[in-house]
Every structure is written in structure tokens, then in C-alpha cells.
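Chain by chain, the residues run as shown.
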Amino acid sequence: MALQIIKEKTSGKINTVTIGATKDSGGTRTSVVTIGGDTALPFMHFEGEFPYKPVIAMEVQSRNPEQWNETVKAPFADVLGNPAAWAKKCVEQYGAEIIYLKLSGADPDMENHSPEECVKIVKSVLAAVGVPLIVVGCGDDEKDNVVIPMVAEATAGENLLIGVGEQENYKSVVAAAMVHKHNVIALTPCDINICKQLNILITEMGLPLDKIVVDPGAGGLGYGIEYTYSILERGRLGALQGDKMLATPIIATVGYEAWRAKEANASETEFPAWGNQAERGILWEAMTATALLQGGVHLIVMRHPEAISLVKKNIADLMVPSAY
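Treat the numbers as computed from the prediction; the structure is a model and nothing was measured.

Asks: Could you give an account of the packing of aromatic side chains, naming the residues involved and the relevant values?
Replies: Aromatic rings considered in pairs are described by the distance between their centres and by the relative angle of their planes. Considering all chains together, one arrives at five aromatic pairs under this definition. Ring centres of Phe76 and Trp86 lie 5.8 Å apart, and the angle between their planes is 40 degrees; on these two criteria the pair is classed as tilted. Taken together, the residues Phe76 in the loop between α1 (70-73) and α2 (83-92) and Trp86 in helix α2 connect sequence positions 10 residues apart. On the accessibility criterion, Trp86 (0% relative accessible area) is buried. For the ring pair Phe76 and Tyr94, a centre distance of 5.8 Å and an interplane angle of 75 degrees mean the geometry is edge-to-face. One end of the pair, Phe76, is in the loop between α1 and α2; the other, Tyr94, is in the loop between α2 and β4 (99-102), and 18 residues separate them in sequence. Here Tyr94 falls in the partly exposed class, since its relative accessible area comes to 22%. Every member of this aromatic cluster is reached through a ring pair, and the members are Trp68, Phe76, Trp86 and Tyr94.

Asks: Hey, could you go over the environment of Pro208 for me, with residue numbers and the actual values?
Replies: Here Pro208 lies in the loop between α6 (192-205) and β8 (212-215). Residues Pro208 and Met287, 79 residues apart in the sequence, show an inter-C-alpha distance of 33 Å.

Thresholds, definitions, all that
Residues numbered from 1 in each chain as written. Predicted model: local features only at pLDDT ≥ 70, side-chain atom pairs only at ≥ 80, totals over all residues. Heavy atoms only, no water. Phe/Tyr/Trp six-rings, centres within 6.5 Å; stacked < 30°, edge-to-face > 60°. Helix = DSSP H or I, 4+ residues; strand = E, 2+ residues; numbered from the N terminus. Buried < 20%, exposed > 50% of the residue type's maximum accessible area, 1.4 Å probe, protein only.

Following this line, the structure appears as C-alpha cells:
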């Protein structure tokens, strides 16, 4: 008797979002990235369609990130502090399909780059690489509300993914995206209700759902990742059941979360039983990423090339349908 697989029937699907624009679409990119389109729980190929694979974005910062672990900085030691060269190395040497540019140097407590300097940096990165670009602010709301709209205006036509829009501070980013035709990252604090509410607020301003990517506030391995997973799962189930306000693709800043964990940074001298720090940190980032992939993340922001290589292999394996 043949094994009968019981399949779930769903009425909803995840929206597709395209980042980047080629010359034919009014931009300058040589490639674009499309995410989403899923019609089943993650990688359940026998139940639905997965037209686009999850994508890894390599993180670049607009200033030298002195606070980063030496293991993460080592592959980019010759380009740190030069965002354009850094991005170029990510693409040419490590095969990055999309760049995540954090304008950390705009932070008033750091270099305090002016909005004009930030625009210049973004343009230099666009000139250095042909892949699509994600651009986020420094995290200071007052500064980002000036910087991101100016970046959006200066890059009109490039179809960037810009951010971040939060529940208490989303209007300036969303307005800039609407006027200059970009996509928006909607950041929420691991709360499915706030996630849905923020999407409602953004669409009420006039930005369509197929221009929104949600960052649900991921946790690193050992630091709340199981709670993040439950939020991802609830969101995916809601979307597949027809809730359009939960049907947005997901982005997760895995590199940031993984490399701030004690287990990724503590020395072997301090904890001999933990093993080599460099290998441990790389695996910490890779394991965080692969766990979140199973929850349904579509766009993963990562830092270390070796961790990225491991996760790319995992994605390739997951995208192959099983015998069922």
C-alpha cells in the first residue's frame, strides 16, 4: 500500500517584493532580487510553491565598525572604512546578490555624517556594484528622518529597500518610499499584533503591500530565537489562511544578532570547553540563519563569508523538493 501524504490546503500566499531596478526599469542595477511568493509553510514543497529562494544580503557599514569582533572584520580588513570598496569585495570575491548598507556613520554619537555625506556614500556604493541595495539609517530617529528621505530622493528609480519604519516613527520613511518609488522595511519588536498593525498603518498611507518587507525583530541563537521562530510561524500561518496584512516577506539581521552573543565572542582562554572562538562565532551566525530559514525568513543579513557559504549550501539543499 502506497504511503498517502495528507496535504494542507491554504487560500493565501506571501507577497512578492522585488528590490532593485535595471536600466529597462529606470534604474542602473545589473540584477534584481525578488523574494516571497510562497504558498505553503517553509520548504514544504509537496504542499505549495516556492518560486524564489531565500537570499543572503551582505552587511556593509558607512564607518569602520571598531566594535565588531576581529573574526568578522578580518576578511574585510583592507576595505573597512571604505563602503564602496567593501561592497565591491562582497560582490566580486564573495558573490553577494544584494548589499545591506547601514549608515552607521550618521549617528550623532559617532562620525555624525551629514545627510549630504550619506547620500554621497550611497551613490558611491551604487557606482561600485551592480547588485540591488538595502539602505538603513543609523538608528537615531531624528537623524534618520532627515537622512533617509534625502537618500530616497537621490536614488529615485533604483527601487531600493529602505528603512526602517517603526510603529512610532514610520511616516517619513514611508512617504519617501512612496514619492521616489522604493520599498520599505517595517520593523516590529517580536509582536505579531504590532507587526500586523504597522502594515495596516503603512498601507493606509498609500504604500502597497508588495512594497513592504517586515523585520520582526529576530533573536540570535540562545538569545530568544525560539520566540522569534514562534512569531515567524504565527505570521506565516496567518498569511496562508488569507490574512493579507501578514503576507509580507521577512528580513532578519542575523549577523548583528549572532555576533553580539557571548558565545560567539568569548575567548577560548576564558572558556576552554567552548572551543576555538573564530570557528564558534562563524557557526553561531550560520546556525542562527538556518534556524530562522526554517521559520520562513526570506532575506537574511549576514556578515562573515564562511558563515554565508554554509548557509548558501543549506538554502540550495532546502530548495530541492523531496521525493514526495
